[in-house]
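Chain and residue survey
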Amino acid sequence: MRSDVTLHPLDRTLLTDLLRAAVEDADPLEVMPPVEGPGGWTPERRSAFVRFHESRSLAADPVETTFAIAVSGRVVGAARLCPVDGRAGTAEAGVWIGRSHRGVGVGGAVLDSLLDRARAQGFTSVYVSTTPDNLAVRALMTGIGADLVPDGDALTACVDVEADVR
Ligand SMILES: CC(C)(COP(=O)(O)OP(=O)(O)OC[C@H]1O[C@@H](n2cnc3c(N)ncnc32)[C@H](O)[C@@H]1OP(=O)(O)O)[C@@H](O)C(=O)NCCC(=O)NCCS
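Just so it is clear, the model here is predicted, and its values are computed rather than measured.

**Quick word on the pairing of strand S4 (residues 90-97)**
Across the 8 residues that make up S4, a large majority, 6, are buried. Examined bridge by bridge, strand S3 (residues 74-83) and S4 share 7 bridges and lie antiparallel to one another. Paired with Leu81 across the strands is Ala93, a residue of S4. Following S3, the chain reverses through 6 residues before pairing antiparallel with S4; Gly86 in that reversal takes a positive phi of roughly 80 degrees. Relative to strand S5 (residues 125-130), S4 runs parallel, the two sharing 3 bridges.

And the structure:
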């Protein structure tokens, strides 16, 4: 497991770094909800990215916790835990990592830390939803012994963070 990967609760300074990582190294659709207009990192889409995180994680009453993912201190992506409506004790996990840092073990280290964070926040399970073609997420789930089951077009897993599945 990589030891140079760390999670940091998002703040305004880290949000600036996160925007840089997203613009330099990710497609908008991988890291934020769709925004109408021409493709790419337009000024409108950059503003929407900042507003998205401000409203969800940095508001007085945040709806989710977002962590900046750092590799050797440099922000390369984001991970989040969002309480699931109607499922007390369950948080949905979300992760994106900049393209140039994928496939080299960062995601595995992030998942490990994110499950620790979920446990520390009092969640008992973490819900993951992905698409069948997302081989990296499928490998990550297999690696922690979590079963992905079909749910419509998605594959979903519920990871018991109280059980030592790792
Ligand atoms: C999904 C994501 C977070 C995984 O992070 P990562 O750093 O690339 O993953 P890792 O390098 O730790 O690899 C995890 C496992 O997936 C496998 N893997 C990684 N990329 C893969 C690929 N393109 N095809 C097949 N397997 C892959 C690795 O071999 C590893 O398997 P192992 O544990 O059996 O050795 C990252 O690829 C990403 O940000 N993707 C875009 C956004 C996204 O899809 N987010 C998840 C939405 S549910």
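**Structural notes on the pattern of salt bridges**
Applying the stated criterion across every chain yields a total of 9 salt bridges. Salt-bridge contacts for Arg2 lead to Asp4; the nearest nitrogen and oxygen are separated by 2.8 Å. Note on Asp4: relative accessible area 25%, which makes it partly exposed. With its nearest N and O atoms 2.9 Å apart, the salt bridge here joins Arg119 to Asp116. Of this pair, Arg119 and Asp116 both sit in helix H4 (residues 106-120), 3 residues apart, roughly one helical turn.

**Observations regarding the state of the cysteines**
Scanning all chains against the criterion turns up 0 disulfides. Just so you know, Cys82 is unpaired, no disulfide at all, and the nearest cysteine sulfur is the one on Cys158, 14 Å from it. Take Cys158: its relative accessible area is 44%, and that puts it in the partly exposed class.

Conventions used here
- Residues numbered from 1 in each chain as written.
- Predicted model: local features only at pLDDT ≥ 70, side-chain atom pairs only at ≥ 80, totals over all residues.
- Heavy atoms only, no water.
- Buried < 20%, exposed > 50% of the residue type's maximum accessible area, 1.4 Å probe, protein only.
- Helix = DSSP H or I, 4+ residues; strand = E, 2+ residues; numbered from the N terminus.
- Pairing = 2+ DSSP bridges.
- Salt bridge = Lys/Arg side-chain N within 4 Å of Asp/Glu carboxyl O.
- Disulfide = S-S within 2.5 Å.

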